[in-house]
Amino acid sequence: MSFVFGLIFFIVATLYQGFVFAVLWSWFATPLGAPIINIQTAICLMFMVGLASPNAVYSELKSAREAPEGENFKILVIHGFIAPSAMLVIGRVALAFSH
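The structure presented is a predicted model; accordingly, all values stated were derived computationally and were not measured.

(A) Layout of a nonpolar patch on the surface. Taken together, F3, V4, L7, I8, F10, I11, V12, L15, F19, I39 and F47 make up a surface patch of nonpolar side chains, about 1,100 Å² in accessible area. Listing elements by their share of the nonpolar patch, those giving two or more residues are α1 (3–28) and α2 (39–52). Turning to its location among the elements, I39 is positioned in helix α2. The class of I39 is partly exposed, set by a relative accessible area of 34%.

What follows is the structure, given as structure tokens:
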């Protein structure tokens, strides 16, 4: 994976994850009295929590010599887009049952 593609992928995945975090926050934290947050604040909160917790993505990635072609990209797609999308769907279902 080239550096430019990796950088673009990181930016897009971070923005998407920030969007998901902000939506989930508005569904579940705001009704409890927390202020509404925007995507920028959500990204900052995600980075702060990420600094304090172990990162599963990096533990799953393998060096270029060990990984079959495209395996690391699949891991990044799963953690960058599929897992946040699943969280958004599960959160929406939970929200529907809470009303």
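(B) Quick peek at the packing of α1 against helix α4 (residues 71–98). With their axes 10 Å apart at the nearest point, α1 and α4 run at an angle of 15° to one another. In terms of their interaxial angle, α1 and α4 are classed as roughly parallel. You can see that α1 and α4 cross each other, and the crossing is left-handed. In the contact of α1 with α4, the residues fall into 20 nonpolar, five polar and one charged.

(C) Expanded view of the side chain of T14. Relative to the helices and strands, T14 is located in helix α1. Leaving out residues up to four positions away in the same chain, T14 has contacts with I43, M46 and F47.

(D) Fine view of α1. In this model α1 runs 37 Å from its N-terminal to its C-terminal C-alpha over 26 residues, within 8% of the 38 Å that 1.5 Å per residue would give. Looking only at α1, the buried set comprises F9, A13, T14, G18, V20, A22, V23 and L24. Where the residues of α1 are buried, they touch α2 and α4.

(E) Molecular detail of the packing of aromatic side chains. Within the structure shown, the criterion is met by eight aromatic pairs. Taken together, a centroid distance of 6.4 Å and an interplanar angle of 85° make the contact between W27 and F28 edge-to-face. Given a relative accessible area of 21%, W27 falls into the partly exposed group. Taken together, the ring pairs in this structure connect F5, F9, Y16, F19, F73 and F81 into an aromatic cluster. For R92, the ring lying beneath its charged end belongs to W27, and the centroid distance is 5.6 Å.

(F) Focus on the environment of F81. Along the chain, F81 turns up in helix α4. With a relative accessible area of 22%, F81 lands in the partly exposed category. In this structure the C-alpha to C-alpha distance between F81 and Y16, which are 65 residues apart in sequence, comes to 7.4 Å. Excluding anything up to four places from it in sequence, F81 contacts F9, V12, A13, Y16 and L76.

So, how was this worked out
Per-chain numbering applies: the sequence of each chain, read as written, is numbered from 1 onward. Note on the predicted model: pLDDT of at least 70 is required for a residue's local features to be given, and 80 or more for side-chain atom pairs to be given and counted; whole-chain, interface and lining totals, by contrast, use all residues. Water and hydrogen atoms were dropped before computing side-chain values, which therefore reflect all heavy atoms in the structure. The patches described consist of residues with a relative accessible area above 30% and no salt bridge, like charges being joined within 9 Å and nonpolar side chains (Val, Leu, Ile, Met, Phe, Trp, Tyr) within 5 Å. Note on areas: these come from Shrake-Rupley sampling with a 1.4 Å probe, and a residue is covered only by the protein chains present in the view. What makes a salt bridge here is a side-chain nitrogen of Lys or Arg within 4 Å of a carboxyl oxygen of Asp or Glu, nothing more. Secondary structure follows DSSP: runs of H or I at least 4 residues long count as helices, runs of E at least 2 residues long count as strands, and numbering of each begins at the N terminus. Each residue's exposure class comes from its accessible area (1.4 Å probe, protein chains only) as a fraction of the maximum for that residue type: buried when under 20%, exposed when over 50%, partly exposed otherwise. For every element, the axis is a line fit to its C-alpha atoms; helices are fit only across the contacting stretch, and the angle between N-to-C directions ranges from 0 to 180 degrees. Throughout, the term roughly parallel applies to angles under 35 degrees, roughly antiparallel to angles over 145, roughly perpendicular to angles from 65 to 115, and oblique to all others. For any pair of crossing helices, the crossing counts as left-handed if the nearer helix is rotated counterclockwise from the farther one by less than a right angle, and right-handed if it is rotated clockwise. Only Asp, Glu, Lys and Arg are considered charged in this grouping, and only Ala, Val, Leu, Ile, Met, Phe, Trp, Tyr, Cys and Pro are considered nonpolar; every other residue, Gly among them, is considered polar. Here a residue-residue contact requires only that any non-hydrogen atoms of the pair lie within 4.5 Å. Expected span, for any helix, means 1.5 Å times one less than how many residues it has. Pairing of aromatic rings covers Phe, Tyr and Trp, the last counted by its six-membered ring, and requires centre-to-centre distances within 6.5 Å; plane angles under 30 degrees mean stacked, over 60 mean edge-to-face, and any other angle means tilted. Counting as a charge over the ring demands two things of the Lys NZ or Arg CZ atom: a distance within 6 Å of the ring centre and an angle within 35 degrees of the ring normal.

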